[in-house]
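Next come the chains, spelled out residue by residue.
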Amino acid sequence: MAFYTRMGDGKRVEMTREAIIDDIRAGMADAADMGGIPDLTEDDIAIITDIVACNDRMVGVAPGEEIVLTYDIGQLDFTGDNGNSGNGVDMGRLEAALLHERALGADTFELAHSDYSIKPVKPVISMEMQTMEEIQAEIVAPYFYGAMPNCGLYYAPDGPYGNPADLMREFKIDEAMAAAEAAADHVARDIEYVTTRLIQAGADGFNFDTTGSAGDADCVGTLNGVRMLREACPDAYINVGMAGESVMGIHGMIEFDGQIVAGLYPHQQVKLAQKAGASVFGAVCNTNTSKSLAWNLGRSVTFIKECVNQAEIPVHVDMGMGVGGIPMLETPPIDAVSRCNKAMVEVAHVDGV
Amino acid sequence: MDLPHFLTSGMGGIRTAGDLVARMEYDPKHKMHIKDAKAYVAKKLGVSVLDIADESVMRDLREELGIGVCTGVPGAPRGIAAKMNIEKLLDIEINSCKIFREKTQKN
Amino acid sequence: MKKEVFKLAFEAETKNIHDAMIAVMVPGIVKSVNEAVAAGMDPNDIINTMGDAMSEVGVMFERGKLFLPHVLSAAAGMTKAMEILTPLMQNESGSTEKKASVVMGTVEGDVHDIGKSICSTMLQCAGYDIHDLGRDVPKQKFIDEVKGGCTYCGMSALMTTTMTVMKEVIDMLEAEGVRGNVKVLVGGAPITQGYADKIGADIYGESASETTRKVKATS
């Protein structure tokens, strides 16, 4: 008997139960090898198999097993264009916040600048603070400010420092490393500037989205910024969400708290986020578009389960398009989204999504 | 994307008690994992863990406690007012409420 | 049969070159290559051994075991080694030209740079002549580079709004009558094999090392 399932690019595919199990095992083995982490148990594999091989359109967790649902990207999921998976529906930020709170079951929500990066918020910080004050007066659910640290904006041609990738192709490795270190310091200063002001405006906290997107220096700069925020605002809610399952080693040697961050996997990343002062860690595992949902889910759950096991703080798994086993497609099929979500709750035991 | 997640495993936000559980996970003095956070909220509300994600229980309970509801109820506390009631209920401090108090108690 | 004899004859040298490349230290790579030359190993075989090891370095980078400076260090060692081998090869065959020229760029309207840059670096390390145009590259610039002799045209996009530009460039290559001269490679977060097929690209790379492997297989 063949089951209706998906590939990592969202295409429909039929697989037998045996093929699904084989792919879950292969995905698991890939994660275990890459991360140097334990395999899933036979019980875990059986649960994921049943979830993937279910004939129902949607699956769900049992009543009483619900988890926290944290939304990122703010109003952009409505207002954005398809470049950032929005719907292209223009609306105000207050309306978007209250819609998420009252109609979409958001347990938390956030305010965001349309560029969604820290750097462009600096020149408009007063406007962002006013909007934060206004929405805090209306909203009940925890309301963050969210942005990507996006260290890429500090490198040429957007910023004052040389572009490490370009410098390295010219074998100027020391110069590339120095540029990355300078950019990391700069993004940390900007994080402190922006985040502390938004907390002063009443934000419950800050969501650092796609930490490490520009590599290990981006990650270190962000963690240093998180530490500054925690020292300045001891009561702030801080979510540190990652960009990928592994921190890209663009610098290679840059450290946070004596630990080289390049090549760290979720179960190692979470420990640095804890040290920096995060309240919640957003773990990521990337989807391979050429593999099946079963393969991607086996792999993602293996990474995230170990992260949850080693975390002292709550872990919310990132489950947008192309992460957490979910297909890389602007309109991810709901059968796939639902299956990935259930597997993360029941096998990886995440605290939230 | 939002809706399948909500329907599969979401607590339900202010439809139920999802916002309260989220606060107990994020509050840096607590940083509770999901099971502890749910148990804490259930105890403070005086209901079971099953009840805190059940709309039939939480809809009326939220209105009674003045902690914000997802339907339009004229006169019911919302925004800062609802959050001040949440502070007392959960024994936590909420930043926007703290700032509101600072501003209103200047003189 | 001859190959087996060669393998046995230079097994130690091959292993030393391979290990030095994986250790990504320039002096070690140069030393192992000098020893192989002294032992009489064919320069072409030395280069092939380094090339195979470089592919392994690329995979290790993607699996988080090595980082970009390590990849570059191995490439720098390989470059130094080529300075030793080039005179020997010129004596033998008179040719040590680089592999094909590849124009690389993130398409017009898209400012995401890193994935494309890593891909450029890996291809450069594999011996290709890289013309990296950066990001937000006007479409015509790709066409100009192909007309100038690039036989691979690599395009990256990180947004679904910009990935459509790849198809426009392919159409322009057709219109200018140079589509047959070039292999088009595409990649980036929203790109899939299905999309590459749909727009008529020749190569889709899920990752930098996969792209490099596929380019090598076609050149």
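Rules used throughout
- Residues numbered from 1 in each chain as written.
- Chains lettered and ligands numbered in written order.
- Predicted model: local features only at pLDDT ≥ 70, side-chain atom pairs only at ≥ 80, totals over all residues.
- Heavy atoms only, no water.
- Helix = DSSP H or I, 4+ residues; strand = E, 2+ residues; numbered from the N terminus.
- Buried < 20%, exposed > 50% of the residue type's maximum accessible area, 1.4 Å probe, protein only.
- Contact = heavy atoms within 4.5 Å.
- Lys, Arg positive; Asp, Glu negative; His and termini not counted.
- Charge placed at Lys NZ, Arg CZ, Asp CG, Glu CD.
- Pairing = 2+ DSSP bridges.
- Axes fitted to C-alpha atoms, helices over the stretch in contact; angles between N-to-C directions.
- Polar contact = N/O pair within 3.5 Å; in protein donor to acceptor, adjacent residues only side chain to side chain.
- Buried area = accessible area lost by both parts, 1.4 Å probe.
- Salt bridge = Lys/Arg side-chain N within 4 Å of Asp/Glu carboxyl O.
- Nonpolar A, V, L, I, M, F, W, Y, C, P; charged D, E, K, R; others polar.
- Parallel < 35°, antiparallel > 145°, perpendicular 65-115°, else oblique.
- Left-handed = near helix turned anticlockwise from the far one by under 90°.
- Disulfide = S-S within 2.5 Å.
- Right-handed = clockwise from strand over helix to strand, strands pointing away.

Engineer: Honestly, the overall build of chain A in this entry has me stumped. Any pointers?
Structural biologist: A tally of helices and strands in chain A yields eleven helices and ten strands. For chain A, the spread of C-alpha atoms along the principal axes amounts to about 60 × 55 × 35 Å. Residues counted as buried form 65% of the 353 residues belonging to chain A. Counting only contacts in chain A whose residues sit at least 6 apart along the sequence, the fraction spanning at least 24 positions is 72%. Distance between charge centroids for chain A: 3 Å, based on 23 positive and 53 negative side chains.

Engineer: Looking at this model, I keep getting lost on the sheet that holds strand β9 (residues 280-283) of chain A. Mind explaining?
Structural biologist: Two orientations exist for strands paired in a sheet by backbone hydrogen bonds: parallel and antiparallel. Strand order in the open sheet made by the six strands is β3-β4-β5-β6-β9-β10 (chain A), with parallel pairing throughout. Single-partner strands in this sheet number two, and they are β3 (109-117) and β10 (315-317) of chain A. Between one strand axis and the next, the sheet turns through 20° on average, direction left out of account. Note that strand β4 (residues 143-148) of chain A and strand β5 (residues 205-211) of chain A share four bridges and pair parallel. Its bridge partner being in β5(A), Tyr145(A) is matched across the sheet by Phe206(A). Lying on the sheet, helix α4 (residues 93-102) of chain A is in contact with β3 and β4 of chain A; it crosses β3(A) at an angle near 135°. Where helix α2 (residues 18-26) of chain B meets the sheet, its contacts fall on β4, β6 (237-242), β9 and β10 of chain A, and the angle it forms with β6(A) comes to roughly 85°.

Engineer: Before we go on, may I ask you to explain the side chain of Glu87(B) in this structure?
Structural biologist: Residues and elements named next belong to chain B. Positionally, Glu87 belongs in helix α5 (residues 79-90). The class for Glu87 is buried, based on a relative accessible area of 7%. A distance of 2.7 Å separates the side chain of Glu87 from the backbone nitrogen of Ile94, its partner in a polar contact. At 2.7 Å, the side chain of Glu87 and the side chain of Arg101 are in polar contact.

Engineer: Could you clarify how one ought to interpret the interface of chain C and chain A in this entry?
Structural biologist: Often, the extent of an interface is quoted as the loss of accessible area upon association of its parts. Counting from both sides, the interface comprises 32 residues of chain C and, opposite them, 35 residues of chain A. The junction of chain C with chain A conceals about 2,500 Å² of combined surface from both sides, 58% of it contributed by carbon and sulfur atoms. One can count three salt bridges joining chain C with chain A. The salt bridge involving Arg63(C) is made with Asp33(A); its shortest N-O contact spans 3.1 Å. For the side of chain C that touches chain A, the secondary structure elements donating two or more residues are α4 (43-62), α5 (68-92) and α6 (114-125) of chain C. Here the side of chain C that touches chain A gets seven residues from one element, more than from any other, and that element is α5(C). Of the residues belonging to the side of chain C that touches chain A, the class tally is 14 nonpolar, eleven polar and seven charged.

Engineer: What is the right way to read the interface of chain A and chain B from this model?
Structural biologist: Every contact between the two is made by 67 residues of chain A and, on the other side, 51 residues of chain B. Here chain A packs against chain B, burying approximately 4,300 Å² in sum over the two surfaces, 57% of which is carbon and sulfur. A per-residue breakdown of the area chain A buries against chain B is headed by Arg102(A), Val140(A) and Tyr237(A), which together make up 16% of the total. Viewed at the interface, chain B and chain A are joined by four salt bridges.

Engineer: I would appreciate a short explanation of the packing of helix α5 (residues 125-136) of chain A against helix α7 (residues 173-200) of chain A in the present structure.
Structural biologist: How two helices pack is summed up by the angle between their axes together with the distance between the axes. Residues and elements named next belong to chain A. Axis separation between α5 and α7 bottoms out at 9 Å; the angle between their running directions is 30°. Classified by the angle between their axes, α5 and α7 sit roughly parallel to one another. α5 and α7 meet at a crossing whose hand is right-handed. Taking contact as the criterion, the partners of Ile125, Glu128, Met129 and Met132 in α5 are, on α7, Tyr193, Val194, Arg197, Leu198 and Gln200. Here the residues of the contact of α5 with α7 sort into six nonpolar, one polar and two charged.

Engineer: I keep staring at the state of the cysteines and nothing clicks. Help me out?
Structural biologist: Counting across every chain of the model gives zero disulfides over all chains. Its sulfur unpaired, Cys151(A) is 10 Å from the next cysteine sulfur, which belongs to Cys219(A). The cysteine Cys119(C) is free of any disulfide, with Cys125(C) supplying the nearest cysteine sulfur at 11 Å.

Engineer: I tried to follow the pairing of strand β4 (residues 183-187) of chain C on my own but got confused; where do I start?
Structural biologist: Consecutive side chains of a regular strand alternate in pointing toward one face of the sheet and then the other. All names here are of chain C. Of all five residues making up β4, four are buried, and the element is well covered by its neighbours. With five bridges joining them, strand β3 (residues 152-156) and β4 adopt parallel strand pairing. Bridging across to β4, Cys153 finds its partner in Val184. Crossover connection from β3 via helix α8 (residues 164-175) to parallel β4: handedness right-handed.

Engineer: Any chance you could explain the side chain of Arg339(A) here in plain terms?
Structural biologist: Residue and element names in this part refer to chain A. Locating Arg339 in the fold gives a position in helix α11 (residues 334-348). Lacking a salt bridge, the buried Arg339 has Asp335 as its closest oppositely charged neighbour, with an N-O distance of 4.9 Å. Excluding residues that lie within four positions of it along the chain, Arg339 makes contacts with Ile51, Val52, Cys54, Asn55, Asp56, Arg57, Val59, Leu293 and Leu297.

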